[in-house]
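Report on the structure
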Amino acid sequence: MFDGPDPFPQTLPCGAYALDLGRRVLRGADGTPIVLRPKSFELLRILIGQLGRAMTRGELLRAAWPGIHVTD
């Protein structure tokens, strides 16, 4: 878990990890970048932004794929 000032100011905490919004990577507890596919990053960003709130399937699809019809 990160303690003290955030060395990467544009991050969202996620347990022992942090989502680096500026560089669009997930950072491990030691700050090591973990590269994600673009859509995986976006889904994680959306879910972290809604932490503590259940999203419906429709809300998640609209947020992650705006303007695109997505099916199972």
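Structural data are supplied above this passage.
Attention in this report is confined to the structure presented alongside it.

Rules used throughout
- Residue positions are given per chain, counted from 1 along the sequence in the order it is written.
- For a predicted model such as this one, the threshold for reporting local features is a pLDDT of at least 70, and the threshold for listing and counting side-chain atom pairs is 80 or more; totals across whole chains, interfaces and linings nevertheless cover every residue.
- Think of the side-chain values as coming from all heavy atoms in the structure, minus any hydrogens and water.
- Elements are defined by DSSP. Helices are runs of H or I of four residues or more, strands are runs of E of two residues or more, and each kind is numbered from the N terminus.
- Burial classes follow relative accessibility: with a 1.4 Å probe on protein chains only, a residue under 20% of its type's maximum area counts as buried, one over 50% as exposed, and anything between as partly exposed.
- In this scheme, a helix's expected span is set at 1.5 Å multiplied by one less than its residue total.
- Arc definition: it is the arc formed by the directions from the helix axis to the C-beta atoms.
- Between two residues, a contact is recorded if the distance between any of their heavy atoms is within 4.5 Å.

Some details on unusual backbone geometry
One non-glycine residue, Arg24, lies in the positive phi region at around 55°. Assignment of secondary structure puts Arg24 in the loop between strand E2 (17-20) and strand E3 (25-27). Owing to a relative accessible area of 42%, Arg24 belongs among the partly exposed residues under this scheme.

As for the side chain of Arg27
Along the chain, Arg27 turns up in strand E3. The exposure class assigned to Arg27 is buried, which follows from its relative accessible area of 6%.

Remarks on helix H1 (residues 38-49)
The end-to-end C-alpha distance of H1 is 16 Å, a good match for the 16 Å that 12 residues give at a rise of 1.5 Å each. Turning to H1, its buried residues number three or more, namely Phe41, Glu42, Ile46 and Ile48. What you see down the axis of H1 is that its buried residues fit within an arc of 170°, all on one side. Contacts from the buried residues of H1 go to strand E1 (11-14), E2, E3 and helix H2 (57-64).

Honestly, it's all geometry; don't read function into it.
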